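Listed here are the chains, written in short residue letters.
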Amino acid sequence: MATKKNNIEEQKNDLREMASLLKEMSKEDRKKLKYVMMGMQIMKGAEKAG
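Conventions used here
- Residues numbered from 1 in each chain as written.
- Predicted model: local features only at pLDDT ≥ 70, side-chain atom pairs only at ≥ 80, totals over all residues.
- Heavy atoms only, no water.
- Helix = DSSP H or I, 4+ residues; strand = E, 2+ residues; numbered from the N terminus.
- Rg over C-alpha atoms; globule rule 2.2 N^0.38 Å.
- Buried < 20%, exposed > 50% of the residue type's maximum accessible area, 1.4 Å probe, protein only.
- Areas by Shrake-Rupley, 256 points an atom, 1.4 Å probe, with all protein chains shown as cover.
- Lys, Arg positive; Asp, Glu negative; His and termini not counted.
- Charge placed at Lys NZ, Arg CZ, Asp CG, Glu CD.
- Patch = residues over 30% accessible without salt bridge, like charges linked within 9 Å, V, L, I, M, F, W, Y side chains within 5 Å.
- Salt bridge = Lys/Arg side-chain N within 4 Å of Asp/Glu carboxyl O.

Colleague: Account for the overall build of the protein, naming residues and giving values.
Modeller: Check the secondary structure of the protein and you find 2 helices and 0 strands. Relative to its length of 50 residues, the protein is extended, with a C-alpha radius of gyration of 15 Å against a globular reference of 10 Å. Expressed as lengths along the three principal axes of its C-alpha atoms, the size of the protein is roughly 40 × 35 × 5 Å. Out of the 50 residues belonging to the protein, those deemed buried represent 0%. When the accessible surface of the protein is totalled, it reaches about 5,000 Å², and 60% of it is carbon and sulfur. Averaging the coordinates of the 12 positive side-chain charges in the protein and doing the same for the 8 negative ones gives two points 7 Å apart.

Colleague: Give a detailed account of a nonpolar patch on the surface, specifying residues and quantitative values.
Modeller: Among the surface-exposed residues, Met18, Leu21, Val36, Met37 and Met40 lie close enough to one another that they form a single nonpolar patch of about 460 Å² accessible area. Mapped by element, the contributors of at least two residues to the nonpolar patch are α1 (2-24) and α2 (27-49). With 3 residues, α2 is the single largest residue contributor to the nonpolar patch. Tracing the backbone shows Met18 in helix α1.

Colleague: I'd like to hear about the pattern of salt bridges, residue by residue, with values.
Modeller: Counted according to the given criterion, the structure contains 1 salt bridge. Between Glu9 and Lys12 there is a salt bridge, with the nearest N and O atoms lying 3.9 Å from each other. In this pair, Glu9 and Lys12 are both assigned in helix α1, 3 residues apart and thus about one turn of the helix distant. In this structure Glu9 comes out as partly exposed when scored by relative accessible area, which is 36%. In this structure Lys12 comes out as partly exposed when scored by relative accessible area, which is 40%.

Right, dumping it as structure tokens:
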């Protein structure tokens, strides 16, 4: 049970890091990241379908 709690804490920390990185990024960089994330989602979907 303790490991699960640690994972949640780690995820929260990761999200905070991501949020602070996004604040520092320019609009252009955010757009690029959005497309990368969308591409990753499409790849995951293709893996499930395949």
